[in-house]
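Examining the three-dimensional arrangement
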Amino acid sequence: MRAISQAQPNIALIKYWGKRDAGRNLPAVGSLSVTLETLWTKMTVSFPGGVAADTLRVNGRPDEAMLPRVSRCLDDLLGTARRPAVVASECNFPIAAGLASSASAFAALVVAASAAAGETREVLDLARAAGRASGSAARSLYGGIVELEAGADDIGLTALASPADWPLRVVVAVTERGPKPLGSTEGMARSAATSPFYADWVGRQHDDLAVARAAVAARDFERLAAVAEHNCLKMHSVMWTSRPSIVYWNRTTIACMEAVRDLQRGGHAVFFTIDAGPQVKAVCLPESEAAVRSALAGVAGVQELLETGLGEGARLLERA
Ligand code: DP6
């Protein structure tokens, strides 16, 4: 059987940075994210038989670097006695540049692989499997605004609002196209081992999550904006104070943050957030989107703008 799925990346407003259990890839902190709409990964999986080993193509080309992680995820999901898989992924946005391409990839992978294997699984089950491959991927199984809880035994997930409940917009300023210098997994381990702020970061995450959750429930944009920027800057402070220091920003990243601050001073409903890469994601209300677009387009060094609303969780497109 062959199955095709689609998943969109998600952007964390309250960030995941740090692991409680590296073996099971369990996060040290909960997180809260928005699932995007127009950026996507489409994943085709089959188990044809007569194939010696797993193969992976990304945007038409063999990807040996990513293949072991994909194989591990399939083993975890279906067991090691499974047949070798033929996996092909198509992605319409830059990969490994801090745009959460691994989140949409692993969310799409677990959906397509379980369907191709003829299984029907609960969404939470699929989300947990995606999360073991990449922590943030668990959130892309759900749409709209999503909270991931770092439960005592395993993660839990809740969709706090659907895309229609609160139609936020996201303008992504791409400031650099190359892959990021240091992967999240390695970066988190380094931060946990060396940043003097790490324990405090983990200890205060509950407070930020509570504020963000309440802000979402009340559709209070200003409150959400304040706590999201604060949480983002705290995560980057932990990164910067790791040894050796982890700095994902470039000068255009900072110029974009300044542009967002100018927009805020001009009365626009917008805030920034930045992940393990130099891109700036500006989250705004629809009425401010045109102003955000034109301000970020005017920042020297911005290479491209991607604009999207909030979208649905990972889903099966086709099974044959
Ligand atoms: C900065 O999910 O990529 O984007 O579990 O090691 O694969 P692994 O990490 P990953 O980390 C994402 C980190 C982040 C913040 C976030 O998305 O919450």
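In this report, we go over the structure that sits alongside the text. The model shown is predicted, which means the values in this text are computed figures rather than measured ones.

**Some words on the packing of aromatic side chains**
If you walk through the whole model with that rule in mind, you get three aromatic pairs. Their ring planes at 45° and their centres at 5.4 Å tell us that F221 and F271 sit as a pair that is tilted. Pair noted here: F221 is in helix α7 (residues 221-240) and F271 is in strand β13 (residues 270-273), with a separation of 50 residues, a long-range link. Its relative accessible area of 8% is what places F221 among the buried residues. Judged by relative accessible area, F271 falls into the buried class, the value being 0%. Residues W240 and W249 carry aromatic rings whose centres are separated by 5.3 Å and whose planes lie at 65° to one another, so their mutual orientation is edge-to-face. Classification of W240 as partly exposed rests on a relative accessible area of 39%. A relative accessible area of 17% places W249 in the buried class. Through a chain of ring-to-ring contacts, three or more aromatic side chains come together here, namely W166, F221 and F271.

**A short note on the sheet that holds strand β10 (residues 145-149)**
Spatially, β2-β5-β10-β11 is the arrangement adopted by the four strands of the open sheet, whose pairing is antiparallel. Pairing within the sheet leaves two strands with one partner each, and these edge strands are β2 (10-14) and β11 (156-161). Across the sheet, the mean angle from the axis of one strand to that of its neighbour is 30°, orientation sign disregarded. Sheet topology places β10 next to β11; five bridges connect them, and they run antiparallel. Of the residues in β11, the one forming a bridge with E147 is T158.

**A few points about the pattern of salt bridges**
This structure, assessed with the given rule, holds 17 salt bridges. Here D154 and R128 are joined by a salt bridge, their closest N and O atoms 3.6 Å apart. Taken together, the residues D154 in the loop between β10 and β11 and R128 in helix α3 (residues 123-133) connect sequence positions 26 residues apart. A relative accessible area of 16% places D154 in the buried class. Close ionic contact of E304 with R177 constitutes a salt bridge, the shortest N to O distance being 3.1 Å. Taken together, the positions of E304 in strand β15 (residues 304-308) and R177 in the loop between β12 (169-174) and α4 (184-194) put the pair 127 residues apart, joining distant regions of the chain. Under the relative-accessibility criterion, E304 is labelled partly exposed at 27%.

**A few points about the site of the ligand**
Close to the ligand lie 17 residues, the nearest being Y16, K19, G135, S136 and T185. One of the side-chain nitrogen or oxygen atoms of R69 is found 3.4 Å away from an oxygen atom of the ligand. Contact between the ligand and T185: an oxygen atom at 2.6 Å from a side-chain N or O atom of the residue. Summarising the interface, the protein chains cover 93% of the accessible area of the ligand, which totals 460 Å² for the free molecule. For the shell around the ligand, the element with the most residues is α4, which contributes three residues. Of the residues contributing to the shell around the ligand, the split by class is six nonpolar, six polar and five charged. In terms of domain composition, the shell around the ligand takes at least three residues from each of domain 1 (2-164) and domain 2 (169-309).

Conventions adopted
- Residues numbered from 1 in each chain as written.
- Predicted model: local features only at pLDDT ≥ 70, side-chain atom pairs only at ≥ 80, totals over all residues.
- Heavy atoms only, no water.
- Phe/Tyr/Trp six-rings, centres within 6.5 Å; stacked < 30°, edge-to-face > 60°.
- Helix = DSSP H or I, 4+ residues; strand = E, 2+ residues; numbered from the N terminus.
- Buried < 20%, exposed > 50% of the residue type's maximum accessible area, 1.4 Å probe, protein only.
- Pairing = 2+ DSSP bridges.
- Axes fitted to C-alpha atoms, helices over the stretch in contact; angles between N-to-C directions.
- Salt bridge = Lys/Arg side-chain N within 4 Å of Asp/Glu carboxyl O.
- Near = heavy atom within 4 Å.
- Polar contact = N/O pair within 3.5 Å; in protein donor to acceptor, adjacent residues only side chain to side chain.
- Areas by Shrake-Rupley, 256 points an atom, 1.4 Å probe, with all protein chains shown as cover.
- Nonpolar A, V, L, I, M, F, W, Y, C, P; charged D, E, K, R; others polar.
- Domains from an automatic or database assignment.

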